[in-house]
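An overview of the molecular structure
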Amino acid sequence: MKFESVIGNENVKDYLRKNLETNNILHSYLFLGTEGIGKLKLSKEFAKFVLCLKNQEENCTCKSCLCYQGGNHPDFTVINEDGNTIKIEDVRNLTRKNY
Ligand SMILES: [Zn+2]
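About the cut-offs
- Residues numbered from 1 in each chain as written.
- Predicted model: local features only at pLDDT ≥ 70, side-chain atom pairs only at ≥ 80, totals over all residues.
- Heavy atoms only, no water.
- Axes fitted to C-alpha atoms, helices over the stretch in contact; angles between N-to-C directions.
- Helix = DSSP H or I, 4+ residues; strand = E, 2+ residues; numbered from the N terminus.
- Parallel < 35°, antiparallel > 145°, perpendicular 65-115°, else oblique.
- Contact = heavy atoms within 4.5 Å.
- Nonpolar A, V, L, I, M, F, W, Y, C, P; charged D, E, K, R; others polar.
- Core = buried A, V, L, I, M, F, W, Y, C linked by side-chain atoms within 4.5 Å.
- Buried < 20%, exposed > 50% of the residue type's maximum accessible area, 1.4 Å probe, protein only.
- Salt bridge = Lys/Arg side-chain N within 4 Å of Asp/Glu carboxyl O.
- Donors = N, O, S within 2.8 Å, 3.2 Å for Na, K, Ca; no water.
- Tetrahedral: all angles 85-135°; square planar, octahedral: opposite > 155°, others 65-115°.

With that out of the way, let us pick up the packing of helix α1 (residues 10–21) against helix α2 (residues 39–51). Running from N to C, α1 and α2 point in directions that differ by 10 degrees, and their axes come no closer than 12 Å. In terms of orientation, α1 lies roughly parallel with respect to α2. Where α1 approaches α2, its residues V12, K13, L16 and L20 are matched on the opposing element by L42, F46, F49 and V50. Grouping the constituent residues of the contact of α1 with α2 by class yields seven nonpolar, no polar and one charged.

Below, the discussion takes up the nonpolar core. Proteins that are soluble and globular tend to have nonpolar side chains buried together. Of all hydrophobic cores here, the largest spans seven residues; its members are F3, V6, L16, L20, L42, F46 and F49. Mapped onto this core, the elements with two or more residues apiece are α1 and α2. At three residues, the largest contribution of residues to this core is made by α2. Excluding residues within four positions of it along the chain, L42 makes contact with F3, V6, N9, V12, K13, L16 and F31.

Under the counting rule described, the total for this entry stands at two salt bridges. Two residues, K13 and E10, come together in a salt bridge whose shortest N-O distance is 3.1 Å. Here K13 pairs with E10, and both are found in helix α1, just three residues apart, close to one helical turn. The partly exposed category is assigned to E10, whose relative accessible area is 42%. When the shortest N-O distance is used, the salt bridge between D14 and R17 registers 2.8 Å. One end of the pair, D14, and the other, R17, are both in helix α1, three residues apart, so they sit about a helical turn from each other.

Attention shifts here to the coordination of the zinc ion. Looking at the metal site, the zinc ion is ligated by C52 (SG), C60 (SG), C62 (SG) and C65 (SG), spaced 2.2 to 2.3 Å from it. What the four donor atoms of the zinc ion show is an angle range of 105 to 116 degrees at the metal, which sorts the shape as tetrahedral. Along the chain, the residues donating to the zinc ion fall in the pattern C-x7-C-x1-C-x2-C. Taken individually, C60 and C62 each receive the classification buried, so the pair is uniform in this respect.

Quick look at the structure:
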């Protein structure tokens, strides 16, 4: 995984690559930082790669990638903060969705 479309964040990209290479993928990742540094884009690329059921290439058409591209993959959720907080209702919805 090259993360070519993500500019900067080299330390984070190296960390994620190392996780992939050693097959040491954690159960969750939290991407934090100031706005506009590429957190969302990087997290989405990483998630798509990890969730892929086939060849993990850009134009993969496996079931997982199609769900992901359609915005309805059951194992990927983005919670948008409201100001500096995350609403409890968003967390409850996430919990209901995954269990
Ligand atoms: Zn795929």
